[in-house]
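# Analysis of the macromolecular model
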Protein chains: 2
Amino acid sequence: MNLSGGCGTFCLHPALERLFLGTKTPPPQATIRRLSIYLRCLNSLDDEGITVISSRELAERLDLNPAQVRKDLAHFGDFGKRGVGYTVAKLRDHLIKILGLQQKRLVGIVGAGGRLGHALALYKGFEKRNFKVMALFDKDPHVINQVYGEAGPIHHVSELPRLVKELSLEILVLCVPAEALAEVFDYVRLSGAKAVLNFAPVKLASTDGVTVHNVDLALELESLSYHLAAREAGRP
Amino acid sequence: MNLSGGCGTFCLHPALERLFLGTKTPPPQATIRRLSIYLRCLNSLDDEGITVISSRELAERLDLNPAQVRKDLAHFGDFGKRGVGYTVAKLRDHLIKILGLQQKRLVGIVGAGGRLGHALALYKGFEKRNFKVMALFDKDPHVINQVYGEAGPIHHVSELPRLVKELSLEILVLCVPAEALAEVFDYVRLSGAKAVLNFAPVKLASTDGVTVHNVDLALELESLSYHLAAREAGRP
């Protein structure tokens, strides 16, 4: 909530904001992304046997501003004790619940016959985060029925509506060429899947029924380019 | 800069902050990421023939808070006219300079013989953002000298130091297994490359010489899981 008119950088504490507005404002996407990062950090703190951590220490470990950490977490409740900090195990369990990671989330990969789809079908990083790739889909008759990893044979994309329901897939990862995206998204909407991660180099908009996140791998390179330019210009 | 002691959500306008501190604080990573998103938006505004846009309109198009837009851009100068807005072409050109995208950035891919590396070697999204994949590297003797796309044959990773200098590669994209990461990063540091994008499911830390960004594809799934959990709990 912006109280400053012009420059607009004075913001209310989210809790106060709710008090004033009487409404819960959804937390910004960047905050949601950081929840995963806090969770990873809390897991390693727990491994190190650390049971309590201050927002300052947590911020230092993550190269963030302590105020940012407190503000992020305040979106979801009153976790920390002033002057003491956060109980690692308690905060970790809260974040797992908030992120909905207490249960396995079942994933389907569409475009699994392509290189990126094939790579993601076998990506080790998903399962250890409680995401299970359960089904693979493609349009190319040459790859249908091929088996990559444990997710079984590749099904034709027209099977999405049936298999999303049968296997209760919640998240579909789209690795299809730009020109195939519209047709595939029609199948996705029919299927009733609620979340989509889109790797196609064309943006997809969320609908009422489907939350879409677009992954733009060039974005990562652009923020590296920023740092290269900053070095060149002697900026911090 | 946090002025509030406890809750820490009142922050100074970055320009004032510099005034008070006499130092330039580097902008947060999330702000740098958003610069790319502003740039994409300004490009499409330009295509639509829109020459001036307010922070509010810009924020609406990007589903952001106008205060956030003003704060982000204020890190880099005083671009907007109060009550008028931003000149699209001027702001776009500023952002291109800030992001260092006025020049082609040359990229090498390490682990190009793997599925993900192979996919990235041919990823269409890079070149249209002014990143050019110039060289491919791997350790596996079976893939050395294979040719993927225009980047020429795959070189042995031990060639990194020579070829980074010869081809003036600035960014290395690492798609190697976790167990190969340490050895590969030694070659990277020898090579003098200044920026690394790491896709391995193990985090790499930046060094004085090398800025590292770690891509964690599971993070994208976790923020989707957040939205699934929010639906389940009836949260906004």
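My aim in this report is to walk through the structure given alongside it, one point at a time. What you see is a predicted model, and the numbers here were worked out from it, not measured in a lab.

## A look at the interface of chain B and chain A
- In this complex, chain B contributes 83 residues to the contact, which on the side of chain A involves 82 residues.
- Across the chain B-chain A interface, the total number found is 8 salt bridges.
- In this structure, Asp216 of chain A and Arg40 of chain B form a salt bridge, with 2.8 Å as the shortest nitrogen-oxygen distance.
- Where chain B touches chain A, the interface holds 28 residue pairs in polar contact (both at pLDDT 80 or more).
- Top element by residues in the side of chain B that touches chain A is helix H10 (residues 217-233) of chain B. It accounts for 15 residues.
- The residue inventory of the side of chain B that touches chain A, partitioned by class, reads 43 nonpolar, 19 polar and 21 charged.

## So, the pairing of strand E3 (residues 105-110) of chain B
Residues and elements named next belong to chain B.
- With 6 of its 6 residues buried, E3 lies for the most part within the structure.
- Neither face of E3 is open: one carries Arg105, Val107 and Ile109, the other Leu106, Gly108 and Val110, and all of them are buried.
- Direction of pairing for E3 relative to strand E6 (residues 171-174): parallel, over a ladder of 4 bridges. If you follow Val107 over to E6, its bridge partner there is Ile171.

## Thoughts on the packing of helix H2 (residues 29-47) of chain A against H10 of chain B
- Relative orientation of the contacting elements H2 of chain A and H10 of chain B amounts to 115°, with a least axis distance of 9 Å. One finds that H2 of chain A runs roughly perpendicular with respect to H10 of chain B. For H2 of chain A against H10 of chain B, the interelement crossing comes out right-handed. Residues Gln29, Ile32, Arg33, Leu35, Ser36, Ile37 and Arg40 of chain A of H2 of chain A form the contact with H10 of chain B, whose own contacting residues are Ala218, Leu219, Glu220, Glu222, Ser223, Tyr226 and His227 of chain B.

## As for the pattern of salt bridges
Residues and elements named next belong to chain B.
- A full pass over the atoms with the stated rule returns 28 salt bridges over all chains.
- In this structure, the salt-bridge partner of Asp72 is Arg34, at a minimum N-O distance of 2.5 Å. With Asp72 in helix H4 (residues 66-74) and Arg34 in helix H2 (residues 29-47), this pair connects stretches of sequence that are 38 residues apart.
- By relative accessible area, Asp72 is classed as buried at 1%.
- With a relative accessible area of 13%, Arg34 lands in the buried category.
- Between Lys139 and Glu183 there is a salt bridge; the shortest N-O distance is 2.8 Å.

## What to know about the nonpolar core
- With 104 residues, the main nonpolar core has Ile109 of chain A together with Ile109 of chain B as its most contacted residues.
- Not counting residues up to four positions away in its chain, the partners in contact with Ile109 of chain A are Gly117, Leu120, Ala121, Val133, Ala135, Leu136, Phe137, Val173 and Cys175 of chain A.

## A word on the sheet that holds strand E5 (residues 154-156) of chain A
- Taken together, the 6 strands give an open sheet; going across it, the order is E5-E4-E3-E6-E7-E8 (chain A), and neighbouring strands pair in parallel fashion. Looking at the sheet topology across the chains shown, the edges are occupied by E5 and strand E8 (211-214) of chain A. Ignoring strand direction, the axes of neighbouring strands in this sheet form an average angle of 25°.
- With 6 bridges connecting them, strand E3 (residues 105-110) of chain A and strand E4 (residues 131-138) of chain A associate as parallel partners. Considered in E4 of chain A, the bridge of Val110 of chain A is made with Phe137 of chain A.
- Sheet strands in contact with H10 of chain B are E3, E4, strand E6 (171-174), strand E7 (195-198) and E8 of chain A, and its direction is about 165° off that of E8 of chain A.

## A word on the packing of aromatic side chains
- Within the structure shown, the criterion is met by 4 aromatic pairs over all chains.
- Taking 6.1 Å as the distance between ring centres and 80° as the angle between the ring planes, the aromatic pair formed by Phe76 of chain A and Tyr226 of chain B counts as edge-to-face. On the criterion of chain membership, the pair formed by Phe76 of chain A in the loop between helix H4 (66-74) and strand E2 (86-87) and Tyr226 of chain B in helix H10 is interchain, its members lying in two chains. As far as the burial class goes, Phe76 of chain A and Tyr226 of chain B line up, both buried.
- Aromatic pair Tyr123 of chain B and Phe126 of chain B: ring centres 4.7 Å apart, planes at 65°, arrangement edge-to-face. As far as the burial class goes, Tyr123 of chain B and Phe126 of chain B line up, both buried.

Scoring rules and cut-offs
Residues numbered from 1 in each chain as written. Chains lettered and ligands numbered in written order. Predicted model: local features only at pLDDT ≥ 70, side-chain atom pairs only at ≥ 80, totals over all residues. Heavy atoms only, no water. Contact = heavy atoms within 4.5 Å. Salt bridge = Lys/Arg side-chain N within 4 Å of Asp/Glu carboxyl O. Polar contact = N/O pair within 3.5 Å; in protein donor to acceptor, adjacent residues only side chain to side chain. Helix = DSSP H or I, 4+ residues; strand = E, 2+ residues; numbered from the N terminus. Nonpolar A, V, L, I, M, F, W, Y, C, P; charged D, E, K, R; others polar. Buried < 20%, exposed > 50% of the residue type's maximum accessible area, 1.4 Å probe, protein only. Pairing = 2+ DSSP bridges. Axes fitted to C-alpha atoms, helices over the stretch in contact; angles between N-to-C directions. Parallel < 35°, antiparallel > 145°, perpendicular 65-115°, else oblique. Left-handed = near helix turned anticlockwise from the far one by under 90°. Core = buried A, V, L, I, M, F, W, Y, C linked by side-chain atoms within 4.5 Å. Phe/Tyr/Trp six-rings, centres within 6.5 Å; stacked < 30°, edge-to-face > 60°.

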